[in-house]
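If you want the building blocks of each chain, they are given just below.
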Amino acid sequence: MKKLFKLIALSGVILMASCVSKKKYVALEQELQDTRSTLQKTTVEKEELEEKFAKIEARVADYNSKINSLKESSDEKMVMVDDIAAISNKTKEKMKETLAKVDPGKLQQATSLKDSMNLAVSHNLKSSLDDSLKEDEDISINIDNTVVMISISDKMLFKTASYRVSDKANDILQKLANIINSEPSIEVMVEGHTDSRTINNAVVQDNWDLSVKRATSIVRKLQNEYSVAPEKLIASGRSSYKPLVDNDTKENMAINRRTKIVLLPNMDKFFALLSAN
């Protein structure tokens, strides 16, 4: 009987010990789950904090960029020139520097900002073409409604009554091509003009024919020999119907025989380009 009692008591102790161990196991397992949950939550919070930090960094960079752009805005602000072109204040300052180099007599004749821009662009463009052309009457340059027009006397490009481009035109056409090729936004129209004398021979039917043939000869040369993209080029002829002066003297006829190179650029970029050159 005593042995039985001892056996029962021993069994109870073992059972109690087993219950205690199971409780500890369950408690430890719960603690493990809680730790994993906390770790996962901490990881999520860390990722969220990193994302917030990245956004803050991006905002700071954006603000810094805006601050820097504001510092430059006074220079880059676009202004209108007599309603014909938009240029920046920085370009206006460059124009002033250029006008300081222009002949004082010509400068006195400039009565508006448009006149001043004409003088500055003309000076820089002629300098880009050749220093020797600055005072050359065979080349005139003008700006009208954001269009740069370069008028070249026919004696610099062709022989009389011919549409074949002379070798002496190579230098000026090369330099024109360099300017055209250096700015992708520029489009170019080549426009032929004649005097009022009629012409008719085996290769030229009339003044219309001559003016167009001269324009296409220049266009072909710019494309084939000076690598100007053909999609930027336009060829046209005006015959004798857009004279600069009356065709009543040999001198006036020589003025009217001309090729006009019409450039359609972004004026601000164009002047900056010429200033750099």
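Calculation rules
- Residues numbered from 1 in each chain as written.
- Predicted model: local features only at pLDDT ≥ 70, side-chain atom pairs only at ≥ 80, totals over all residues.
- Heavy atoms only, no water.
- Salt bridge = Lys/Arg side-chain N within 4 Å of Asp/Glu carboxyl O.
- Helix = DSSP H or I, 4+ residues; strand = E, 2+ residues; numbered from the N terminus.
- Contact = heavy atoms within 4.5 Å.
- Axes fitted to C-alpha atoms, helices over the stretch in contact; angles between N-to-C directions.
- Left-handed = near helix turned anticlockwise from the far one by under 90°.
- Core = buried A, V, L, I, M, F, W, Y, C linked by side-chain atoms within 4.5 Å.
- Buried < 20%, exposed > 50% of the residue type's maximum accessible area, 1.4 Å probe, protein only.
- Phe/Tyr/Trp six-rings, centres within 6.5 Å; stacked < 30°, edge-to-face > 60°.
- Lys NZ or Arg CZ within 6 Å of the ring centre and 35° of its normal.
- Expected span 1.5 Å × (residues − 1).
- Arc of directions from axis to C-beta.
- Pairing = 2+ DSSP bridges.

Peer 1: Could you clarify how one ought to interpret the pattern of salt bridges in this entry?
Peer 2: Two side chains that carry opposite charge are able to pair once their charged atoms sit near each other. Applying the stated criterion across every chain, the model contains eleven salt bridges. A salt bridge links D138 to K155; its shortest N-O distance comes to 3.6 Å. Of the two residues, D138 sits in the loop between helix 4 (113-129) and strand 3 (139-144) while K155 sits in the loop between strand 4 (147-153) and helix 5 (170-182), which places them 17 residues apart along the sequence. Among the ionic pairs, R238 bridges to E191, the shortest N-O distance being 3.5 Å.

Peer 1: Would you explain the environment of L263 in this entry?
Peer 2: On the secondary structure map, L263 appears in strand 7 (residues 258-264). C-alpha of L263 to C-alpha of S185: the two residues are 78 residues apart in sequence and 9.9 Å apart in space. Among residues more than four places away in sequence, those in contact with L263 are V147, V148, I150, I180, I186, E187, V188 and F270.

Peer 1: Whenever I open this one, the packing of helix 5 against helix 6 (residues 207-224) confuses me. Can you help?
Peer 2: Pairs of packed helices are described in terms of their axes, by the angle between the two and the distance that separates them. Put simply, helix 5 and helix 6 touch, their axes get as near as 10 Å, and they point 65° apart. For helix 5 against helix 6, the interelement crossing comes out right-handed. On the side of helix 5, the interface is formed by N170, L173 and A177, while helix 6 contributes I218, K221 and L222.

Peer 1: Any chance you could explain the nonpolar core here in plain terms?
Peer 2: Burial of nonpolar side chains together is a common tendency in soluble globular proteins. I150, I152, L173, I218, L222, I261 and L263 are the most contacted members of the largest nonpolar core, which has 38 residues in total. Secondary structure elements with two or more residues in this core: helix 2 (89-99), helix 4, strand 3, strand 4, helix 5, strand 5 (187-193), helix 6 and strand 7.

Peer 1: Just checking my understanding: could you explain the packing of aromatic side chains for this structure?
Peer 2: Ring pairs (aromatic) are described by centroid distance and by the angle formed between their planes. On inspection of all chains with the given rule, the structure shows one aromatic pair. Relative to Y241, the ring of W208 lies with its centre 5.5 Å away and its plane at 35°, an arrangement referred to as tilted. Here W208 is found in helix 6, whereas its partner Y241 is found in the loop between strand 6 (233-237) and helix 7 (250-256), with 33 residues between them in sequence. A residue is classified by how much of its surface remains accessible, and W208, at 42% relative accessible area, is partly exposed. For Y241, a relative accessible area of 56% corresponds to the exposed category. If you follow K213 out to its NZ or CZ, it ends over the ring of Y163, 5.8 Å from the centre.

Peer 1: Help me out: how do you make sense of helix 5 in this one?
Peer 2: Spacing of three or four residues puts side chains on the same side of an α-helix, whose turn is 3.6 residues. For helix 5, spanning 13 residues, the distance from its first C-alpha to its last is 18 Å, which sits close to the expected 18 Å at 1.5 Å a residue. If you check which residues of helix 5 are buried, you get I172, L173, L176, A177, I179 and I180. What you see down the axis of helix 5 is that its buried residues fit within an arc of 160°, all on one side.

Peer 1: Got a minute to help me understand the pairing of strand 3 in this structure?
Peer 2: Remark: a regular strand shows side chains that alternate across the two faces of the sheet. Residue alternation in strand 3 divides its side chains into a buried set, I139, I141 and I143, and an unburied set, S140, N142 and D144. When strand 3 meets strand 4, the two strands line up antiparallel, connected through six bridges. Paired with S140 across the bridge in strand 4 is S151.

Peer 1: Looking at this structure, I do not really get the sheet that holds strand 6. What am I missing?
Peer 2: What links the strands of a sheet is backbone hydrogen bonding, and the strands pair in either a parallel or an antiparallel sense. Across the sheet, which stays open at both edges, the five strands sit in the order 3-4-7-5-6 with mixed pairing between neighbours. Both outer strands of the open sheet, strand 3 and strand 6, are each paired with one neighbouring strand and no more. Each strand of the sheet is rotated relative to its neighbour by a mean of 20°, with strand direction disregarded. Bridge count between strand 5 and strand 7: seven bridges; the pairing is antiparallel. The residue of strand 7 that forms the bridge with V188 is L263. Lying over the sheet, helix 5 contacts strand 3, strand 4, strand 5 and strand 7, oriented at roughly 170° with respect to strand 4. Of the strands in this sheet, strand 5, strand 6 and strand 7 are in contact with helix 6, which crosses strand 6 at around 160°.

Peer 1: Would you explain the environment of D167 in this entry?
Peer 2: Tracing the backbone through its elements, the reader meets D167 in the loop between strand 4 and helix 5. Taking the relative accessible area as the measure of exposure, D167 reaches 63% and is therefore exposed. On a C-alpha basis, the gap between D167 and L157 in space is 8.0 Å, while along the polypeptide they are ten residues apart.

Distances and angles like these do not, on their own, reveal function.
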